[in-house]
Amino acid sequence: MSDTAGGEESAGARTAAATAGSAPKPSARRVMFVVGCRPGWFVLGALAAVAATVGALGVDPALPAWVRYAPLAASALVVGLPHGAVDHLAPARTAGRTPTPRWLLAVGIGYLVLGGAYAALWALAPVASAALFVGLTWLHWGQGDLYALDSIGSRHLEGAGVRLGTVLVRGGLPMLVPLLRFPDRYRQVVDAWVALFGRELGSAWIFTPGARGALGAAFAVVTVATVLAGRRRVSAGDAGWRRDAAETLLLWVYFLVVPPLVAVGVYFCAWHSLRHVARLVEVDPAARRAAADGDELAALARVGRDALPLTAVSIALLAAVALVAGVDTAPATLAALYLVFIAVLTLPHVAVVAWMDRVQGAGLAGPPS
Ligand SMILES: CC1=C(/C=C/C(C)=C/C=C/C(C)=C/C=C/C=C(C)/C=C/C=C(C)/C=C/C2=C(C)CCCC2(C)C)C(C)(C)CCC1
Ligand SMILES: [Fe+2]
């Protein structure tokens, strides 16, 4: 069988579409808007508005546990876990190839080696592994947003400095801002990860008011500097820059007002994962054609079909780990186990996405000329 998918464009053609300097194809832009961005703006915007109103009224609703854990639980089935479950097909497609058994084996070995090494690190050094998880997520979610901004045609992100700043800011919003406002809840979540391995976080300096104040001030400065650096590269009123600035403001407010478990769980599904799904549509010829014909639902169904087998395998793996480890069934423990499991998948997932960036000349791998 030929290694090249019929009717596919060259990887180079998509490379051009993926970078900020060149105009992305209208269909790619539309998919990123319709599938990747609009649902996230709506859902996070609505949640932020509700949480801000409740806060302004001086009410502090004690959310029942099932509400707090619901978004995270839903992410195992809806978009969250599935967004990585196409990793076995995405590299070949990004290179303009049909995923053959050799491609699948290469990805499988990558998952085994990187995931296995990180799982071993969790057992040996859980506190360092937890810090690495937050750091990796910071990078990965930042790169995901940079890709999305590029693919909706932003022109203010040309230049290594503003690109690096964008990755730092967009990744730091979900990883750092919840710590500034909700240190105790942040700490409970991370504590639960390391408790799975019989360890404690101890008196981590990062949760002290002084450290949070300094980190918050530094992050606010980086945010403003990055937004202004982008502004200098385009004319006044540039739509792409205004959208970026508005998203940044929305995310700052969202992570300051919505309690962290709900905020991160909803963001994971409705923001990061949907943006990656839009990217997956673009690299799959059949899904791309459906989307170009205006049938986004068919395109999504195709990605869903591709994601189904390995989502099921991953859930079965997670259930097996829970049974073998004999963890208790308290929601906090189950959530911790799920997040540590995701952490182990995150390292190879980040490697796959970094590889896609390299092939497409996107992300930090290739500032547009
Ligand atoms: C391909 C393949 C597969 C599959 C895969 C998958 C399925 C993947 C996925 C992936 C994924 C799915 C990824 C994800 C990611 C995620 C993340 C990265 C997250 C993070 C998060 C965090 C980090 C958070 C945290 C927190 C909270 C939650 C609250 C509080 C605050 C804080 C911030 C702490 C398997 C293995 C079967 C086989 C081989 C091949
Ligand atoms: Fe991802």
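Residues numbered from 1 in each chain as written. Chains lettered and ligands numbered in written order. Predicted model: local features only at pLDDT ≥ 70, side-chain atom pairs only at ≥ 80, totals over all residues. Heavy atoms only, no water.

**Some details on the packing of aromatic side chains**
A full pass over the atoms with the stated rule returns 14 aromatic pairs. Between W141 and F268 the ring centres are 6.0 Å apart and the planes differ by 25°, which places this aromatic pair in the stacked class. Residue W141 is located in helix α7 (residues 126-151), and its partner F268 is located in helix α12 (residues 260-283); the two are separated by 127 residues in the primary sequence. Take W141 and F268: they sit in the same class, and that class is buried. Connected via pairs of aromatic rings, a cluster forms that spans W141, Y254, F255, Y267, F268 and W271. (Phe/Tyr/Trp six-rings, centres within 6.5 Å; stacked < 30°, edge-to-face > 60°. Helix = DSSP H or I, 4+ residues; strand = E, 2+ residues; numbered from the N terminus. Buried < 20%, exposed > 50% of the residue type's maximum accessible area, 1.4 Å probe, protein only.)

**So, the coordination of the iron ion (ligand 2)**
Within the protein, the iron ion (ligand 2) binds to H83 (NE2), H140 (NE2), H272 (NE2) and H349 (NE2); these donor distances fall in the range 2.1 to 2.2 Å. One can describe the site at the iron ion (ligand 2) as square planar: its 4 donor atoms subtend angles covering 86 to 178° at the metal. Since its relative accessible area comes to 5%, H140 is described here as buried. (Donors = N, O, S within 2.8 Å, 3.2 Å for Na, K, Ca; no water. Tetrahedral: all angles 85-135°; square planar, octahedral: opposite > 155°, others 65-115°.)

**Here we look at the UniProt feature "transmembrane region" (unreviewed entry) in the protein chain**
Those places that UniProt annotates as "transmembrane region" (unreviewed entry) correspond, in this numbering, to residues 39-59, 65-82, 103-124, 202-228, 249-274, 307-327 and 334-356. Helix makes up 92% of residues 249-274 and strand 0%, and the two end C-alpha atoms of the span are 20 Å apart. (UniProt positions renumbered as here; feature names shortened; annotations may be inferred.)

**So, the site of ligand 1**
As a structural note, the neighbourhood of ligand 1 is formed by 27 residues, with Y111, W141, S314, I342 and T346 the closest of them. When isolated, ligand 1 has an accessible area of 950 Å², and the protein chains bury 95% of it. Mapped by element, the contributors of at least two residues to the shell around ligand 1 are α4 (80-84), α7, α9 (183-195), α12, α14 (296-325) and α15 (331-360). At 5 residues, α15 tops the list of elements feeding residues into the shell around ligand 1. Across the shell around ligand 1, the residue classes tally to 18 nonpolar, 8 polar and 1 charged. (Near = heavy atom within 4 Å. Areas by Shrake-Rupley, 256 points an atom, 1.4 Å probe, with all protein chains shown as cover. Nonpolar A, V, L, I, M, F, W, Y, C, P; charged D, E, K, R; others polar.)

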